[in-house]
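# Structural description and commentary
Okay, here's what each chain looks like letter by letter:
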Amino acid sequence: MKPDLSSPASSADALPEQASRPAAGAGGSVSWDILLPLLLAGYFLVNLLVRLTVSDSLEYDEAEQVLVTQWLALGYATQPPLYNWLQHLVFSIGGISIATLAIWKNTILLSLYLISWKTAKLLLPRKEHAVIATLGLLTIPQVAFESQRDLTHTVAAIFCAVLFLSGLFFTLKKPSLASYAVTGLATGLGLLAKYNFALLPAAAFLAVLSHPQWRRRIFDRRFLLTAVLTVIVVAPHGWWLLQNLSVASQGTLSKLQDTGATATRFPFLEGLTSLVIAIIGFAGLTILAYWIAFGRDFVASLRAGNDWTRFIERMLLALAFVLILMLLVTGAEHIKDRWLAPLLVVLPLYLTLKLSAAGRLSETGARRFLAIALAVMVIIPTILGVRLHLPQWTGSYEKLNYPQRELVERLVNEVGTRPGLLIANDSHIGGNMRLYLPDVPVYSIYFPAFQPKYEFSAQRPILAVWNRRTADPLTLPDNLRPSIDRFAGAGARMKTGVVDVPYINGRPGDVYHLGYAVLYPAN
């Protein structure tokens, strides 16, 4: 017998109640408490295996992690340090490899689904309803696909958002010292994951204040534990942030604002339009999936509600208010859909709560939704595995098509020795170099605070590398010159060259060009 996905309100379609209970024998049904975690674990294991087999090169965010985990710091650049710190710990235990990168990320992703499952079971009347809310995360492209393709800090922020919402809802329904502690810990960790995470607890705080009964949770003595834990977790990086505010904000604001020739005279309207498009890009497929699965029941459920749906609606309204205020204050014109991921990850839970409140979670619709989720579980790893073969027809290459292992081998052969220091004008190149030369310090011009310990001699020269997309005459990039002078000295002798290696799964004759300069002491 299959696990029951039906609503108690749909008696005509409902399966026997024992279908959701643990198996009593060989012919019994399987409990969702066992089946769903196994299903999710199997799914993420498949994604892990796909990542380990498709390419031995790194995506951009992966390469950045390999690069910045050379040193521990209270802050790095434009992104908060949580993922860097945790990845540093993982590397120290398991070594630097694609496997440790992929295992760690998929562990985080599996954990956030399991936390969502626990939270959904708290709020929904039946476990079968909670299955829909949990698998609904698979319909969010930024959570299901982009997180697998190449995201790090956003993955941490989504995890912290799910953990925060779990602590919040447990505090509202079953307040305990543990729930207050989880809420505070998640708030602090979220602020260390992505700065925009701050909007989520701010919106939740406003929503709780607006509720006549739940606002008492804020004036509970245990709320002090939430605040203290948040401050303790954030304080070290917060101190660094105060000293380096311009460094941390410059990159973020440049992504949000348009200060070039294309800058508009109406930045608020441009930003508001961008925000609406980002919301549609984030929520569109999820809403479509629920509509396909439940049809008229889904449309009818939009008019239904309960305390939980109304609370989430207040939270979303508060988020909208804060986001619009941010557009007015910062002049932001470009909002990306993945930027909204930690803020709107509650969407599948909200839509499932609406269906449940309306009594419209029919078995037929639930089975359709389960079929959609299972299809996504097949489609995503398939796309991740197949996409690297597309350049044979399109000629458009992704980061994983770059032949980084062979480039490093060719470089070492041409230089004749392992360098004492490697300088890269691109974090992606630098991270890939360190992956295959883990004993060589790698400096990237995008992280000037890094002070590498290095040897510089005729036997251990300095090697500077840069990406060259064409085979034009070799020219040292201007942005590398200050770093070369800093580490090698103005009088260092320099020998330049180019390494050309065919792309992975590339067209015949298409090669990746890497320029390099070998620097020797002046005397």
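Everything in this summary refers to the structure shown in the same document. (Residues numbered from 1 in each chain as written. Predicted model: local features only at pLDDT ≥ 70, side-chain atom pairs only at ≥ 80, totals over all residues. Heavy atoms only, no water.)

A separate point is a nonpolar patch on the surface. Taken together, the side chains of Leu-285, Leu-288, Trp-291, Ile-292 and Val-299 present a nonpolar region at the surface, about 470 Å² in accessible area. Take the nonpolar patch: its biggest share by element is four residues, from helix H13 (residues 267-294). Checked against the element boundaries, Leu-285 lands in helix H13. Residue class for Leu-285 comes out partly exposed when judged on its relative accessible area of 48%. (Patch = residues over 30% accessible without salt bridge, like charges linked within 9 Å, V, L, I, M, F, W, Y side chains within 5 Å. Areas by Shrake-Rupley, 256 points an atom, 1.4 Å probe, with all protein chains shown as cover. Salt bridge = Lys/Arg side-chain N within 4 Å of Asp/Glu carboxyl O. Helix = DSSP H or I, 4+ residues; strand = E, 2+ residues; numbered from the N terminus. Buried < 20%, exposed > 50% of the residue type's maximum accessible area, 1.4 Å probe, protein only.)

Now for the packing of helix H10 (residues 199-209) against helix H15 (residues 307-330). Contact pair H10 / H15: the axes reach a minimum separation of 8 Å and the direction vectors enclose 125°. Taken together, H10 and H15 sit at an angle that is classed as oblique. The handedness of the crossing between H10 and H15 is right-handed. Residues Leu-199, Leu-200, Ala-203, Ala-204, Leu-206, Ala-207 and Val-208 of H10 form the contact with H15, whose participating residues are Phe-311, Arg-314, Met-315, Ala-318, Leu-319, Val-322 and Leu-323. Along the lines of polarity and charge, the residues of the contact of H10 with H15 split into 13 nonpolar, no polar and one charged. (Axes fitted to C-alpha atoms, helices over the stretch in contact; angles between N-to-C directions. Parallel < 35°, antiparallel > 145°, perpendicular 65-115°, else oblique. Left-handed = near helix turned anticlockwise from the far one by under 90°. Contact = heavy atoms within 4.5 Å. Nonpolar A, V, L, I, M, F, W, Y, C, P; charged D, E, K, R; others polar.)

With that out of the way, let us pick up the environment of Glu-64. Relative to the elements of secondary structure, Glu-64 occurs in helix H2 (residues 60-68). Residue class for Glu-64 comes out buried when judged on its relative accessible area of 14%. Separated by 36 residues in sequence, Glu-64 and Thr-100 have C-alpha atoms that sit 14 Å apart. Not counting the four nearest positions on each side in its chain, Glu-64 is found in contact with His-153 and Phe-447.

The next subject is the nonpolar core. Core analysis: the largest hydrophobic core is formed by 104 residues, its most contacted members being Leu-135, Phe-169 and Phe-311. Sorting elements by how many residues they give to this core places helix H8 (residues 153-173) first, with 14 residues. Leu-101, Tyr-436, Tyr-503 and Leu-519 belong to the second-largest nonpolar core, a separate cluster that totals 53 residues. (Core = buried A, V, L, I, M, F, W, Y, C linked by side-chain atoms within 4.5 Å.)

So, on to the environment of Leu-206. Summarising the element assignment, Leu-206 is placed in helix H10. Residue class for Leu-206 comes out partly exposed when judged on its relative accessible area of 40%. Separated by 113 residues in sequence, Leu-206 and Leu-319 have C-alpha atoms that sit 9.3 Å apart.

Their axes nearest at 8 Å, the elements helix H1 (residues 32-54) and helix H18 (residues 363-386) cross at an angle of 15°. Judged on the interaxial angle alone, H18 and H1 are roughly parallel. Crossing geometry of H1 relative to H18 is assigned as right-handed. Where H1 approaches H18, its residues Trp-32, Leu-39, Leu-40, Tyr-43, Val-46, Asn-47, Val-50 and Val-54 are matched on the opposing element by Leu-370, Leu-374, Met-377, Ile-380, Pro-381, Leu-384 and Gly-385. Looking at the contact of H1 with H18 residue by residue, the class counts come to 13 nonpolar, two polar and no charged.

With that out of the way, let us pick up the pairing of strand S3 (residues 462-468). Most of S3 is tucked away: six of the seven residues are buried. Pairing of strand S1 (residues 421-424) with S3, which is carried by four bridges, proceeds in the parallel orientation. Within S3, the residue paired with Ala-424 across the bridge is Val-465. (Pairing = 2+ DSSP bridges.)

Close approach of charged atoms allows side chains with opposite charge to pair. This model, assessed by the stated rule, comprises 16 salt bridges. A salt bridge links Glu-59 to Arg-387, with the shortest nitrogen-to-oxygen separation between them at 3.1 Å. Placement of Glu-59 in the loop between H1 and H2 and of Arg-387 in the loop between H18 and helix H19 (391-394) is noted, with a sequence separation of 328 residues between them. Ionic pairing is found between Arg-367 and Glu-363, a salt bridge with its closest N-O pair at 2.6 Å. Separated by four residues within a single helix, Arg-367 and Glu-363 lie in helix H18, roughly one turn from each other. For Glu-363, a relative accessible area of 13% puts it in the buried group. In the salt-bridge network here, residues are joined through shared partners; they are Asp-33, Lys-121 and Lys-127.

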